[in-house]
Amino acid sequence: MASSGVVGFVGLDDLSLELAASLIRSGYAVKAFEIFGPLMDKFLKLGGIRCTCPLETGKDVSALVVLISHADQINDIFFSDDGALGGLAKNAVIFVSSTISPANIQMLEKRLTEDAETAFLVDIYVSKGMSDSLNGKIMITSSGRSDAIARAQPILSAMCEKLYNFEGEVGAGSKVKMVKELLEGIHLVASAEAIALGVQAGIHPWIIYDIVSNAAGNSWVFKNHVPQLLRGNLTKQDFLNAAVQNVGSILDMAKSLPFPLPLLAVAHQQLISGSSYGHGHNDATLMKVWENVFGVNLTAAANADIYNPQELGNQITTKSNTVKRIGFIGLGAMGFGMATSLLKSNFCVLGYDVYKPTLTRFANAGGLVAESPAEASKDVDVLVIMVTNEAQAESVLFGDLGAVKALPSGASIILSSTVSPGFVIQLECRLKNENKTLKLVDAPVSGGVKRAAMGTLTIIASGTDEALTSSGSVLSALSEKLYIIRGGCGSGSAVKMVNQLLAGVHIAASAEAMAIGARLGLNTRKLFDFITNSGGTSCRDFDFLGNLVMFQDRTPHMLDNDYTPRSALNIFVKDLGIVSHESASYKVPLLLSTVAHQLFMSGSAAGWGRYDDAAVVKISSSCCLYSFSHVYETITGVKVEGKLPVVKKEEVLFSLPPEWPSDPIDDIRALDQSNLKTLIVLDDDPTGTQTVHDIEVLTEWNVEPLVEQFRKRPKCFFILTNSRALTSEKATALIKDICTNLRTAANSVGNIDYTVVLRGDSTLRGHFPEEADAAVSVLGEMDAWIICPFFLQGGRYTIDDIHYVADSDCLVPAGDTEFAKDASFGYKSSNLREWVEEKTLGRIPASSVTSISIQLLRKGGPDAVCMRLCSLEKGLPWGSTCIVNAASERDMAVFAAGMIQAERKGKHFLCRTAASFVSARIGIIPKAPILPKDLGINKEKNGGLIVVGSYVPKTTKQVDELKLQCGQNLKSIEISVDKLAMKSLEEREEEINRAAEMADVFLRASKDTLIMTSRELITGKSPSESLEINFKVSSALVEIVRRITTRPRYILAKGGITSSDLATKALEAKCAKVVGQALAGVPLWQLGPESRHPGVPYIVFPGNVGDTRALADVVKSWVRPVRLSSTKELLLDAEKGGYAVGAFNVYNLEGVEAVVAAAEEEQSPAILQIHPSALKQGGIPLVACCVAAATEASVPITVHFDHGSSKKELVDVLELGFDSVMVDGSHLPFKDNITYTKSISLLAHSKNMMVEAELGRLSGTEDDLTVEDYEAKLTDIDQALEFIDETGIDALAVCIGNVHGKYPATGPNLRLDLLRELHNLCSKKGVLVVLHGASGLSEKLIKECIERGVTKFNVNTEVRKAYMEALSKPGKDLLHVMSNAKEAMKAVVAEKMHLFGSAGKA
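Each residue is numbered by its place in its chain's sequence as written, counting from 1. Only residues with pLDDT of at least 70 are given local features in this predicted model, and only at 80 or more are side-chain atom pairs given and counted; all residues enter the totals for whole chains, interfaces and linings. Hydrogens and waters are ignored; side-chain quantities use all the structure's heavy atoms.

## Looking at the overall build of the protein chain
Working definition: helices are DSSP H or I runs of at least four residues, strands are E runs of at least two. Numbering for both runs from the N terminus. Counting secondary structure elements, the protein chain contains 55 helices and 47 strands. We call a residue buried when its accessible area falls under 20% of the maximum for its residue type, exposed when it is over 50%, and partly exposed in between, using a 1.4 Å probe and counting protein chains only. Per-residue burial for the protein chain yields a buried fraction of 60% across its 1402 residues. Accessible areas in this description were obtained via Shrake-Rupley with a 1.4 Å probe; residue shielding takes into account the shown protein chains only. Counting every atom, the protein chain has about 53300 Å² of accessible surface; 51% of that belongs to carbon and sulfur.

## Thoughts on a negative patch on the surface
Put simply, a patch holds well-exposed residues, over 30% relative accessible area, that have no salt bridge, with like charges counted together within 9 Å and Val, Leu, Ile, Met, Phe, Trp or Tyr side chains within 5 Å. By salt bridge we mean one thing: a side-chain nitrogen of Lys or Arg within 4 Å of a carboxyl oxygen of Asp or Glu. His residues and chain termini do not enter the charge count, which takes Lys and Arg as positive and Asp and Glu as negative. Working definition for charges: the position is that of NZ of Lys, CZ of Arg, CG of Asp or CD of Glu. The grouping of Asp 72, Asp 76, Asp 81 and Asp 82 at the surface amounts to a negative patch. Within the fold, Asp 82 resides in the loop between helix 4 (73–79) and strand 5 (93–98). The exposure class of Asp 82 is partly exposed, given its relative accessible area of 37%.

## A few points about the sheet that holds strand 26 (residues 810–813)
Any two strands with at least two DSSP-identified bridges between them are counted as paired. The four strands are arranged 18-26-25-24 in an open sheet whose pairing can be described as antiparallel. The sheet is open, and its two borders are formed by strand 18 (647–648) and strand 24 (796–799), each paired with just one other strand.

## Observations regarding helix 6 (residues 146–159)
For a helix, the expected span equals 1.5 Å multiplied by the number of residues minus one. With 14 residues, helix 6 extends 19 Å from end C-alpha to end C-alpha; this agrees with the ideal 20 Å at 1.5 Å per step. Across the 14 residues of helix 6, eleven count as buried, placing the element largely inside the fold. Here helix 6 has its buried residues at Ser 146, Asp 147, Ala 148, Ile 149, Ala 150, Ala 152, Gln 153, Ile 155, Leu 156, Ala 158 and Met 159.

## Quick word on the sheet that holds strand 37 (residues 1141–1145)
The eight strands lie next to each other as 37-38-39-40-41-44-46-47, forming a closed barrel whose pairing is parallel. The mean angle between the axes of side-by-side strands here comes to 25°, regardless of whether they run parallel or antiparallel. Alignment of strand 40 (residues 1220–1223) against strand 41 (residues 1250–1255), held across four bridges, turns out to be parallel. Residue pairing across strands places Met 1222 opposite Glu 1252, the latter belonging to strand 41. The strands touched by helix 47 (residues 1149–1162) within the sheet are strand 37, strand 38 (1166–1170) and strand 39 (1197–1204), with strand 38 carrying the most contacts at an inclination of about 170°. Contact criterion: two residues are considered in contact whenever any of their non-hydrogen atoms come within 4.5 Å of each other. To get an axis, fit a line to the C-alpha atoms, keeping to the stretch in contact for a helix; angles then go from 0 to 180 degrees between the N-to-C directions. Running over the sheet, helix 50 (residues 1230–1245) touches strand 39, strand 40 and strand 41 and is turned about 170° from strand 41.

## Structural notes on unusual backbone geometry
Note that the residue after Leu 257, namely Pro 258, is joined by a cis bond; omega there is -15°. For Pro 258, the position within the fold is in the loop between helix 10 (236–256) and helix 11 (262–275). For the peptide bond that leads from Phe 768 to Pro 769, omega is 10°, which places it in the cis range. Non-glycine residue Leu 764 carries a positive phi angle of around 75°. With respect to the secondary-structure elements, Leu 764 resides in the loop between strand 22 (754–759) and helix 34 (770–779). When its relative accessible area of 5% is taken as the criterion, Leu 764 is described as buried. One non-glycine residue, His 1203, lies in the positive phi region at around 55°.

## Section: the confidence of the model for the protein chain
Confidence along the protein chain averages 86 in pLDDT terms, with 90% of residues attaining 70 or more. For every residue, the predictor assigns a confidence score, pLDDT, that lies between 0 and 100. Scored below 50 in pLDDT, residues 539–551 makes 56 contacts in the model with residues more than four places away or belonging to other chains. Residue range residues 612–630 is modelled with pLDDT below 50. Its contacts to residues more than four positions away, or to other chains, number 191 contacts.

## Re the pattern of salt bridges
A side chain of one charge can pair with a side chain of the opposite charge when the charged atoms of the two come close. Under the definition given, this model contains 51 salt bridges. Between Arg 759 and Asp 684 there is a salt bridge whose closest N-O contact spans 3.6 Å. With Arg 759 in strand 22 and Asp 684 in the loop between strand 19 (678–683) and strand 20 (695–698), this pair connects stretches of sequence that are 75 residues apart. Each of the two residues, Arg 759 as well as Asp 684, counts as buried. The closest approach of N and O atoms between Asp 761 and Arg 765, which form a salt bridge, is 2.8 Å. Connected through shared salt-bridge partners, Asp 683, Asp 684, Asp 685, Arg 724, Arg 759, Asp 761, Arg 765, Glu 771, Asp 822 and Arg 912 make up one network.

## Some thoughts on the pairing of strand 41
Within strand 41, six of the six residues are buried, leaving the element largely enclosed by the surrounding structure. Neither face of strand 41 is exposed, since Met 1250, Glu 1252 and Glu 1254 on one face and Val 1251, Ala 1253 and Leu 1255 on the opposite face are all buried. With the strands pointing away from the viewer, any crossover whose connection runs clockwise from the first strand over the helix to the second is right-handed. As for the winding sense of the linkage, the β-α-β connection from strand 40 through helix 50 to strand 41 is right-handed. Relative to strand 44 (residues 1291–1294), strand 41 is paired through four bridges, and the arrangement is parallel. Looking at strand 44, one finds that Glu 1254 is bridged to Ala 1293.

## A word on the side chain of Asp 1224
The topology assignment puts Asp 1224 in the loop between strand 40 and helix 50. Judged by its relative accessible area of 10%, Asp 1224 falls in the buried class. N or O atoms closer than or at 3.5 Å make up a polar contact, with two conditions inside protein: a donor-capable atom paired with an acceptor-capable one, and, for residues adjacent in sequence, both atoms drawn from side chains. Here Ser 1226 takes part through its side chain, which lies 2.6 Å from a polar atom of the side chain of Asp 1224. Those residues within four positions of Asp 1224 in sequence are excluded, and the remaining contacts are His 1203, Gly 1204, Ser 1205, Tyr 1236 and Glu 1254.

## Some thoughts on the packing of aromatic side chains
A pair of Phe, Tyr and Trp rings is counted when the ring centres sit within 6.5 Å of each other, with Trp represented by its six-membered ring. The angle between the planes then sorts it: under 30 degrees is stacked, over 60 is edge-to-face, the rest tilted. Here the structure, examined in full by the defined rule, presents 19 aromatic pairs. On the numbers, 5.8 Å between centres and 75° between planes, the contact of Phe 710 with Phe 717 is edge-to-face. This pair shows no difference in class: Phe 710 is buried, exactly as Phe 717 is. An angle of 55° between the planes, with centres 5.9 Å apart, marks the rings of Trp 1085 and Tyr 1098 as tilted. Pair noted here: Trp 1085 is in strand 35 (residues 1082–1087) and Tyr 1098 is in strand 36 (residues 1097–1101), with a separation of 13 residues, a long-range link.

## Quick word on the pairing of strand 44
Sheet faces and side chains relate simply in a regular strand, where the side chains alternate between the two faces. Side chains of strand 44 alternate between two faces, with Ala 1291 and Ala 1293 and Leu 1292 and Val 1294 buried alike. Relative to strand 46 (residues 1328–1331), strand 44 runs parallel, the two being bridged by three bridges. Bridging across to strand 46, Ala 1293 finds its partner in Val 1330.

## Details of the environment of Leu 271
Relative to the helices and strands, Leu 271 resides in helix 11. Under the relative-accessibility criterion, Leu 271 is labelled buried at 0%. Between the C-alpha atom of Leu 271 and that of Ile 186, which follows or precedes it by 85 residues, the distance is 9.7 Å. Non-local contacts of Leu 271, meaning those with residues more than four positions away in its chain, are made with Leu 188, Val 189, Leu 240, Ala 243, Val 244, Val 247 and Trp 290.

This is the structure in structure tokens:
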């Protein structure tokens, strides 16, 4: 069995000795096998243990570090008789540190896992940091599967100061090394070209070094190798031969992809040219090598006398002449800043620019304005020219109305544009020929617009002493650093040219490096981080302008795909064009610079010229780092952008291992609650209850209610903190307050153990780590923080440590979603380890975060989770934070079960999770979405209230869909965010009142009412300002709801902050019960008795849950139905309940009101029934009256058309809004009755209407229609069977001796035996039995009929009689007559409801 504290090394070198020393200092026992004696002697002095072979080295170690320099060594080291595998435990980690190709490492991993069953291989590249923060310290780049990396984490962390983990395939270390060496190779050649060009232009090489090493052209290679080059310390053997070999290997790899590396290819040719010097004389110095390549005498130049350019600048400034009036031509971004800074220095400045609005701005700043270059030059002592290029400089000096003719004799000209040295030299000659003793100062500048305005530029000036002295005060006023370069005009531009050569090549090289890194599958953000600390960086310091430049500055533009111009690509088209032109003049072959120039031109030609120069990456992936980035992207199709890919959800989930075979939820539920910790969920908004049911939520946290909860010994309860709506400081104080009260309450009750969950947003928004720090400060140190944002219902998955948000059939990395752009809680990282580092500002490095992988969950189960959690050591950096991967509810349950095991072993955890963890941890079994009928509110009349405050785009889409689907039945009130948050208190108050009053009207009218904030998103200038705006809007919504007096049927709050504030402030809820969910991921509460609306369902709809239709689906399922029931449902309920429903014939408004009033008072269902003769008299208004009354009733009432004996009449009736019809073909021959009934039945069923029909014929009179006794006949049982089968009716009106109207004096003579037979038949066919002629039947007969299956009785005669008798009684006026008639009919109806048994059944 492997010992957790022993590490073995097979092979040693200087770097691995440092790894071993670090492990020994960390308390590990380290043993090694190495055949080179001096290395082994050093190892033994460190305290290491000698081994005689790889087999002995691998025995009983938890990790084995193997150095491999050639692929042929693999068999001997691992698979020979005395190879390391012979003694290696299967759970040990193998670290491979090698120079072999990634493909060879991948083959080794496959062989180890398949043949030797050794599961954990990690590829490492060991190097030393070159940045100021990591200078000389060990850095390790590792790669491997996430489970291997997780297992290797403690040892990796112990071996180095800086760790870069590239999860996935092994081989990343070799790839990162290649990218670093690519940059080093290009930077080496670029440095040589720059020094050669500068020397040939007459500039001392040490002066070039001193200026450029503090400027944008700097790189680690330039800063560290140029001094050795100039001193002759480097030989061809020391450096050049190895560089040729390394670069060649990279190019070979690129060919195999294939992938173009134009800069590296030409650098390789320059290196080969250098290595050929001396024909094998490896002791030749690099100075001589490059002299041979470029034809420049570097040795003589390096040994020439040197001077200090800054001291010369100080001298010029000290003895400079007084300047009274300055002309300034070129008021662009830089020129305007320079000219205004001269104004601030109390110079009189006369400015000119072709863009007239700029002249207005300059005048407003206090400058004088000229209409031409000539006017700007009149009577000036010094003329400053800051135009774009040589052509413009030529034009303003010598063109129409040019400056030269207008300048007074003896004036000085400062040319600050970036132009070629040759142009400046020629310009000086031309000015001398003007015979005006004009003096020229060549003074290119650097520093950017901001420093130009501040007068803190860097200026590299050259010219005659007289020219410099006459303009010294102006140069001093413009600059923070002034370098004077000897050699006359052109020398200053030569230094600037050399710097721009290096800067341009470094931008292009950065693009090429990031492009090949992306093509190799590396995480480009991590690659960028590594390069900035390595020898591949192009500038590790701030330049003399105070700007971090080139690789560090431009590469993030590529990674963010952000090419907003800071420095346009076309600038380097011009500047490298100058380099190419001057190199030809000086006859210096600058191959690398020329290729870089061509790449920039490619970017410009592709349309990227005005974009940021980083677009050069579009050349490689198309050519300048930003634009250059675009150039590489175009050529290769590879995206340098450092975004994780959007992946297909189905493909990713399918690629995962099978789930753990058994569901741990049953085991969790079976655990004795007394032995479990109570789970206390501090919910930063109310949406955290979206996966639980039958759990209480507290909205207050005083000690008393907490004590009450603890005494109940619940498995879980929630405390709604709503801290996401607070500032960081307030959220911290709140969590401390709650945790203090929890501790006090628990101590008061005694014998209480609990785990705190900080429930946060599944899209990673919220106060992390502030809330966790606050909790720990009160509750004490934990063994680990658990971070688990998985939330299935919301489509949130964590796979290979990357957190994804599902969008349709794709998974989008969370850092690339709208949620990551949150004004208050934004972030960039999708990898949860990196997210932890980002949110903690580096306090918890990504490399120290432990991961529970999906592989561990699905292959190891709860026991493996427990073991991993128990291995986390309190206080150790790698044990303090643990992220959890999950892609299914089963994964979550496995983790929860393992965590419970660890807790029962004494471990203590603080959890930062989404909702799914909570339900898994307490063993919740999901149940179906809750509907209004489940809560018994489907009969309530008032409208529902929907309040939307969330601004996420998903909510806006959901609201649009809600309006589209429910617009006819939904009333919308939009409130202006601008008025609520940005306007006066009066306007705010007016807007609140308007919304509350309109809502009251709509709710009372039974209309579901939507109150929503206007959709324009208004944010502040800072996160705190944005939170303040959110507070104003949220508090306004609270006030609106508080002022609504009508009790809504239900309340739906959209958005976390909105739902919290409404619950606690508007509705004054202190405790609520989570009943379940209205939709997956949408919690449903019932408000407590202390709230303003006790028992009202409260739907908490998160802003980020559900698809576009989700909100509309919930509202539709909770909308009050037009009818509370259909006729068929009424009768089916009656059949189940053993009662019957009365169908009461109505003829006018009084009759309708009488039936509805009786039904509501008796809480009885009822049917409003219209006879054809009544329809003939009352027409459509009568039907409309019945439909409206049924709709507005608080009990189930439907509208039925009775005795439709005419097909035309029935066809018309089907369009009038009836719920059911009776097809009366009883007067027809049997077959004709079937045909007639069937035709109407088909039409009615197509409209979801119930169909009743009569078989047999009742005698008697109803509404002036009389059937004589000799025409009446009973229902035939055999005919009934055929009739039902053929017509498809829903209800059969039977004739068993019942009659319409009054029964004879002898009383009713009903064939109850026939009724039983008919009911038996109908029951088998799913047909309901109804009975006409109920007026006059005794209570006994009614009950016997109900017992034999009658579900509906038609009642007419007795109600009519009551109405007629009421009319005969005198009344004061018509209203009294109507009222008396209504009350008389209502009494009869109510009596019948009791008789039929329907009273109290609504």
